[in-house]
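In case you want the letters, here they are:
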Amino acid sequence: MQFSALQLATMLDGKLEGNPEVKVSNIAKIEEAGEGMLSFIANPKYEEFIYTTQASILIVNENLVIDRPVHPTLIRVKDAYSSFALLLEKYEQMAGNKSGIQQPSFVPKSVKLGENVFIGAFAYLGENVVLGNNVKIYPGVYLGDNVIVNNDATLYPGVKVYANCIVGNRVILHAGCVIGGDGFGFAPQPDGSYKKVPQIGNVVIHDDVEIGANTTIDRATMGSTVIRQGVKMDNLIQVAHNVDIGVNTVIAAQTGVSGSTKIGQNCIIGGQVGMVGHIHIADGTKINAQSGLSKSITSPNTSLTGSPAYDYKSSLKSQAIFRNLPDLEKRVKELEDMVKQLLSEREGV
Amino acid sequence: MQFSALQLATMLDGKLEGNPEVKVSNIAKIEEAGEGMLSFIANPKYEEFIYTTQASILIVNENLVIDRPVHPTLIRVKDAYSSFALLLEKYEQMAGNKSGIQQPSFVPKSVKLGENVFIGAFAYLGENVVLGNNVKIYPGVYLGDNVIVNNDATLYPGVKVYANCIVGNRVILHAGCVIGGDGFGFAPQPDGSYKKVPQIGNVVIHDDVEIGANTTIDRATMGSTVIRQGVKMDNLIQVAHNVDIGVNTVIAAQTGVSGSTKIGQNCIIGGQVGMVGHIHIADGTKINAQSGLSKSITSPNTSLTGSPAYDYKSSLKSQAIFRNLPDLEKRVKELEDMVKQLLSEREGV
Amino acid sequence: MQFSALQLATMLDGKLEGNPEVKVSNIAKIEEAGEGMLSFIANPKYEEFIYTTQASILIVNENLVIDRPVHPTLIRVKDAYSSFALLLEKYEQMAGNKSGIQQPSFVPKSVKLGENVFIGAFAYLGENVVLGNNVKIYPGVYLGDNVIVNNDATLYPGVKVYANCIVGNRVILHAGCVIGGDGFGFAPQPDGSYKKVPQIGNVVIHDDVEIGANTTIDRATMGSTVIRQGVKMDNLIQVAHNVDIGVNTVIAAQTGVSGSTKIGQNCIIGGQVGMVGHIHIADGTKINAQSGLSKSITSPNTSLTGSPAYDYKSSLKSQAIFRNLPDLEKRVKELEDMVKQLLSEREGV
């Protein structure tokens, strides 16, 4: 896609300075932008780049003062950052603007399709699947029987959704994530083997959730594993059966949540965190990367770290002393020597 | 699927109380069951729900005493829990009762198919693949050349099995797991680069194993990576080349096992555990979540925690003191002051 | 594939001892090799096996002395290990020698194909994809619009590469890995929700890189996430947006690297390591498994362990004392008692 400075200035309602015919086909940070690229300057500390950049078009604030000739065509707008973000969004929308049903794909007659859906080649829809309007099903996606995908959701290549799961409006599922695999439930038998406990629940993903690549969310034993509105989950996360994750909670990559644990809303959870099953995490809890939670967190808005995790500030102090444990042990040894000396002197008296 | 109370009572050889025509199409826990749902009461502490539940049908023990009218139709059986579990299994079997070969799929002439196999659309079978009876290959599964899948195994969507691997009877492989990728073996070269060591072994998965979504099990350099009978592995686990996992061992999500490590039988291994390569873990070892094992465990039936991991009880004590390290350091400081005082007084004498 | 002793001896320019007609169809370690298998002895400590092995053909050093009859046909060569490694490579090449375009696959007219490419069934190529010579695209691979895959690269089944990413020469991507998923970037809103920050960059994978199964590498917000020449990454690794990994760095399974972190060259990073974002790791850094890095490492060639990670040797000492913390606390308690005693005696004086 190519755009001229004139086109962009018109889109942004901006004022042109320079050649209106110059064209860009790519976007970059000001430090990295070259010929044929669009960039922006919003932060004063980047203004020095304006005289050296080889970018073809720059979006700048309307009051930016320049005192020498510059290479790029300028587009002056009220708020350069917002205008640039707006262009990013439009650029992304155009890039992802797929529609139609590619062949071969597998779409049984019992499937209900909304308007303007995209179904990529090699996508598989089970019986009675329902797709809302503007849903994008990328190539190689698998939807089991009775899966419902609501309006404006995007399922990237190779996403697998097992039977009976529900995906909310505007949800984004990244490539390779698995929604609704069997929960890990086995009953120990007298001979040391394990018998599978049937997992007949589902996963319900509410609106505006985004889930990262190769993340796995297991179906409930009975009932639902629930991911609530606005939750954002990164790549390679494990969510076990019957977990419930609260509104607007954010979870970084490679974290694991064990069965039936309930996480509150507006929590911020770092990467590689582990949580045991059947605990409750209060609203607004912040958990540092690599922490391990073995108990419920009952007070909202606390910060935790460590494995097992506890109060962030205390934990940092313990960690600092841990680093000096050899020194602490040496001090204890010296004390022992001195005290022994004092005691022996007393004996001697 | 809909069932009447009469149908269910007949299936379970139970005694009906209430309307035999009432129908259910779903199953739920007693706390959550509503109209059109089936539930059960086996545990006395849930008996209070019998007067408030809106479930349409309840399975209860034959000796359950009720003293007021109830909403659901009751089915009285000898053991309510067992009867309910039996229904769950039947429900699951019906839901998963796929057969036939969907098109398009890729099945070369050299492939040997057992009776009653299911091959989903977009599944790919390499040359000389052998499928046993009742094998279910879901859509988008990849089986490399010479792969053998034995009777009654189920491979969920997007499972990838590299060439020459063997999958046992009744094995379940969940969506996206990768069996037989190259082991991670590289020979360092004088110039700092690495040369790939060819990985020509395979993976052998014995009977009754279940492997979770997006888990990865690498092929052996030579010989086999072996997952023995009855092993249950959760999602996102990493198993490196030449590992051997013993009968009926259970491993929770996101654990990693490095190359050539041998795990005994009947071990229980928590989530996010890491093990270095070339160690042996004795039978019956229990390893707590997030532990790190850097040495062999030679005594069977021990419990471990921590990274590096050691005896569970001692480790808990150390962790408790760790939390109070700032306090311990303060006590040492106070001792130092007091002893210094004593010493100076002695000098003064 | 079957080979006679004569064929192998000719290939390796070796000297035959025994039946030149005996055939092998498999390769194994000397301890495990049986009838119909090829093995080798290079290390003197394995020489005892020569009299007991049931292998059909053995490659041995030309100067190996034997004083009794042996079962296998021998092929004597200058360097048995090198000759065997050569055979392994040839064996692997033959096994992976796929070519042609299988149907059905999805290859738009705008795609440019090099010579001798393999495209498996159910592979999907977006608009303007470019494949170099000898590229192997296994079944079920997804390549987004404008993806470039250079010469001799191999993409195993189910690999997903999002639009605009670049894959270097001789790169190997294992099954299920996801290249170019959206970076995890969200702007917090006043109401507690998060707004997605468009991720319009890409991933650039340089030559000779190998990436493990189900590993995920996110695209940059703007610019590129970069994996440099010769990097080897194991399974289930997470690489966030705008990360840069230096030449010949090796990373073990399940490690996670947060956004914008820059790792130097020739680093060796263990499994399950975590790194926060926006730090720099100096060249030649060695990081132990399960470590957590929260700060930049500025001195090259250091070794680190722990979470938070620091100097390897000091950390081991602290860990050793950690195990004895209950003992250390007891010693402090005893000191307190003794000092209290001494103080009270002084008072008494």
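In this text, all values refer to a predicted model and were calculated from it rather than measured experimentally.

Trainee: Before we go on, may I ask you to explain the sheet that holds strand S8 (residues 100-101) of chain B in this structure?
Mentor: Paired through their backbone hydrogen bonds, the strands of a sheet run either parallel or antiparallel. Strand order in the open sheet formed by 12 strands is S8-S10-S13-S16-S19-S24-S27-S30-S33-S36-S38-S39 (chain B), and the pairing between neighbours is mixed. A single partner strand is all that each edge strand has here, and the edge strands are S8 and strand S39 (310-311) of chain B.

Trainee: Could you clarify how one ought to interpret the interface of chain C and chain A in this entry?
Mentor: Interfaces are often sized by the accessible area lost when the parts come together. Every contact between the two is made by 63 residues of chain C and, on the other side, 59 residues of chain A. Here chain C packs against chain A, burying approximately 4800 Å² in sum over the two surfaces, 64% of which is carbon and sulfur. Between the two partners, chain C and chain A, sit five salt bridges. One salt bridge in this structure joins Lys196 of chain C and Glu210 of chain A, with 2.8 Å as the shortest N-O distance. Inspection of the chain C/chain A interface yields 25 residue pairs in polar contact (both at pLDDT 80 or more). Those elements that place two or more of their residues in the side of chain C that touches chain A are strand S20 (178-181), strand S22 (194-196), strand S25 (216-218), helix H3 (312-323) and helix H4 (325-348) of chain C. Ranked by residues supplied to the side of chain C that touches chain A, first place goes to H4 of chain C with 10 residues. Class assignment of the residues belonging to the side of chain C that touches chain A gives a composition of 29 nonpolar, 24 polar and 10 charged.

Trainee: I keep staring at the interface of chain B and chain A and nothing clicks. Help me out?
Mentor: Facing 58 residues of chain B, the contacting portion of chain A comprises 63 residues. Summed over both partners, the interface of chain B with chain A buries about 4800 Å², with 64% contributed by carbon and sulfur atoms. Counting the contacts that link chain B with chain A gives five salt bridges. One salt bridge connects Lys98 of chain B with Asp145 of chain A, and the closest N-O pair in it is separated by 2.9 Å. Mapped by element, the contributors of at least two residues to the side of chain B that touches chain A are helix H2 (80-95), strand S27 (232-233), strand S30 (250-251), helix H3 (312-323) and helix H4 (325-348) of chain B. Tallying contributions element by element places H4 of chain B first for the side of chain B that touches chain A, with 12 residues. Taken together, the residues of the side of chain B that touches chain A sort by class into 32 nonpolar, 13 polar and 13 charged.

Trainee: Hey, could you run me through the relation of the copies chain B and chain A in this one?
Mentor: The operation linking the two copies of the chain is a rotation about an axis combined with a translation along the axis. Mapping chain B onto chain A calls for a rotation angle of 120° and an axial translation of 0.1 Å; the resulting RMSD is 0.1 Å. Such a combination of turn and shift is consistent with a three-fold rotation axis.

Trainee: What is the right way to look at a nonpolar patch on the surface in this model?
Mentor: Nonpolar side chains collect at one region of the surface, where Ile101, Val107 and Leu113 of chain A lie side by side and expose about 210 Å² of accessible area between them. Relative to the helices and strands, Ile101 of chain A resides in strand S8 (residues 100-101).

Trainee: Quick question: what am I supposed to make of the sheet that holds strand S35 (residues 280-281) of chain B here?
Mentor: Residue and element names in this part refer to chain B. Reading across from one edge, S9-S12-S15-S18-S23-S26-S29-S32-S35 is the order of the nine strands in this open sheet, with parallel pairing throughout. Whereas interior strands pair on both sides, the edge strands pair on one side only; in this sheet they are strand S9 (112-113) and S35. Pairing of strand S29 (residues 244-245) with strand S32 (residues 262-263), which is carried by two bridges, proceeds in the parallel orientation. Counted as the bridge partner of Asp244 is Lys262 from S32.

Trainee: For this particular structure, what's the right way to read the UniProt feature "active site" (unreviewed entry) in chain A?
Mentor: Residue and element names in this part refer to chain A. On the UniProt side, "active site" (unreviewed entry) is annotated at positions that read His241 here. The residue His241 is located in the loop between strand S28 (238-239) and strand S29 (244-245) in this model. Beyond its immediate stretch of four places on either side in the chain, His241 contacts Gly183, Phe184, Gly185, Gln199, Asp218, Arg219, Ala220, Thr221, Thr225, Gly259 and Ser260. In this structure the side chain of His241 is engaged in a polar contact, spanning 3.0 Å, whose partner is the side chain of Gln199.

Trainee: Just to check I follow, could you spell out the pairing of S20 of chain C for this structure?
Mentor: Along any regular strand the residues' side chains alternate between the sheet's two faces. All names here are of chain C. Where strand S17 (residues 160-161) meets S20, two bridges bridge the pair, whose relative direction is parallel. Looking across to S20, one finds that Val161 is bridged to Ile179. Where S20 lies against S25, three bridges are found, and the strand directions are parallel. Following the sheet pairing, Gly181 is matched in S25 by Asp218.

Trainee: Just to check I follow, could you spell out the side chain of Thr225 of chain C for this structure?
Mentor: One can find Thr225 of chain C in strand S26 (residues 224-227). Within the local environment of Thr225 of chain C, its side chain forms a polar contact with the backbone oxygen of Asp218 of chain C, the two atoms lying 2.8 Å apart.

Trainee: It is not clear to me how the packing of aromatic side chains should be interpreted in this structure. Could you clarify?
Mentor: Here a ring pair, both rings aromatic, is described through the centre-centre distance and the interplanar angle of the planes. If you walk through the whole model with that rule in mind, you get 36 aromatic pairs over all chains. Ring geometry for Phe106 of chain A against Tyr124 of chain A: centres 4.5 Å apart, planes inclined by 10°, an arrangement best described as stacked. One end of the pair, Phe106 of chain A, is in the loop between S8 and strand S9 (112-113); the other, Tyr124 of chain A, is in strand S11 (residues 124-125), and 18 residues separate them in sequence. Residue classification places Tyr124 of chain A among the buried residues on the basis of a relative accessible area of 5%. Here the aromatic rings of Tyr46 of chain B and Phe49 of chain B are separated by 6.0 Å at their centres, their planes lie at 25°, and the arrangement is stacked. In textbook terms, an aromatic cluster arises when at least three aromatic residues are bridged by ring pairs, as seen for Phe106, Tyr124, Tyr142 and Tyr162 of chain A together with Phe118, Tyr138 and Tyr156 of chain B. Geometry around Tyr51 of chain B places Arg68 of chain B over its ring, the cationic atom sitting 3.9 Å from the centre.

Trainee: Explain the pairing of S26 of chain C to me, please; I cannot follow it from the model alone.
Mentor: Residues and elements named next belong to chain C. For strand S23 (residues 202-205) and S26, the ladder comprises four bridges, and the chain directions are parallel. Bridge assignment links Asn202 to a residue of S26, and that residue is Ser224. Note that S26 and strand S29 (residues 244-245) share two bridges and pair parallel. What sits directly across from Val226, in S29, is Asp244.

Trainee: I'm lost on the side chain of Thr53 of chain C in this one. Help?
Mentor: All names here are of chain C. Its place among the elements puts Thr53 in the loop between strand S5 (37-41) and strand S6 (57-61). Residue Thr53 is classed as buried on the basis of its relative accessible area, which comes to 5%. Of note is the side chain of Thr53, whose polar atom sits 3.0 Å from the backbone nitrogen of Ala55. Thr53 has contacts with Ile30, Ala33, Leu58, His71 and Pro72, leaving out every residue within four places of it along the chain.

Trainee: What should I look at first to understand helix H1 (residues 5-12) of chain C in this one?
Mentor: Residue and element names in this part refer to chain C. For H1, the complete set of buried residues consists of Ala5, Leu8, Ala9 and Leu12. Across the axial projection of H1, the buried residues extend over an arc of 100°, all falling on one side. Where H1 ends, the next residue or the one after it, Asp13, has phi of about 55°, a positive value.

Trainee: Can you help me understand the packing of helix H1 (residues 5-12) of chain B against H2 of chain B in this one?
Mentor: Two quantities define a packed helix pair, namely the angle between the helix axes and the distance between the axes. Residues and elements named next belong to chain B. Where H1 meets H2, the closest approach of the two axes is 11 Å, and the angle between their N-to-C directions is 110°. Our classification of the angle between H1 and H2 gives roughly perpendicular. Facing Leu8, Met11 and Leu12 of H1, the residues of H2 in contact are Ser83, Leu86, Leu87 and Lys90. Taken together, the residues of the contact of H1 with H2 break down into five nonpolar, one polar and one charged.

Trainee: Help me understand the environment of Gly277 of chain B in this model?
Mentor: Residues and elements named next belong to chain B. Position of Gly277 among the secondary structure elements: in the loop between strand S34 (274-275) and S35. For Gly277, a relative accessible area of 23% corresponds to the partly exposed category. Sequence-wise, Gly277 and Lys262 are 15 residues apart; in three dimensions their C-alpha atoms are separated by 8.8 Å. With residues near it in sequence (within four places) discarded, Gly277 still touches Ser258, Gly259 and Thr261.

What counts, and where the lines are drawn
Residues numbered from 1 in each chain as written. Chains lettered and ligands numbered in written order. Predicted model: local features only at pLDDT ≥ 70, side-chain atom pairs only at ≥ 80, totals over all residues. Heavy atoms only, no water. Pairing = 2+ DSSP bridges. Helix = DSSP H or I, 4+ residues; strand = E, 2+ residues; numbered from the N terminus. Contact = heavy atoms within 4.5 Å. Buried area = accessible area lost by both parts, 1.4 Å probe. Salt bridge = Lys/Arg side-chain N within 4 Å of Asp/Glu carboxyl O. Polar contact = N/O pair within 3.5 Å; in protein donor to acceptor, adjacent residues only side chain to side chain. Nonpolar A, V, L, I, M, F, W, Y, C, P; charged D, E, K, R; others polar. Least-squares fit on C-alpha atoms with pLDDT ≥ 70 in both. Patch = residues over 30% accessible without salt bridge, like charges linked within 9 Å, V, L, I, M, F, W, Y side chains within 5 Å. Areas by Shrake-Rupley, 256 points an atom, 1.4 Å probe, with all protein chains shown as cover. UniProt positions renumbered as here; feature names shortened; annotations may be inferred. Phe/Tyr/Trp six-rings, centres within 6.5 Å; stacked < 30°, edge-to-face > 60°. Buried < 20%, exposed > 50% of the residue type's maximum accessible area, 1.4 Å probe, protein only. Lys NZ or Arg CZ within 6 Å of the ring centre and 35° of its normal. Arc of directions from axis to C-beta. Axes fitted to C-alpha atoms, helices over the stretch in contact; angles between N-to-C directions. Parallel < 35°, antiparallel > 145°, perpendicular 65-115°, else oblique.

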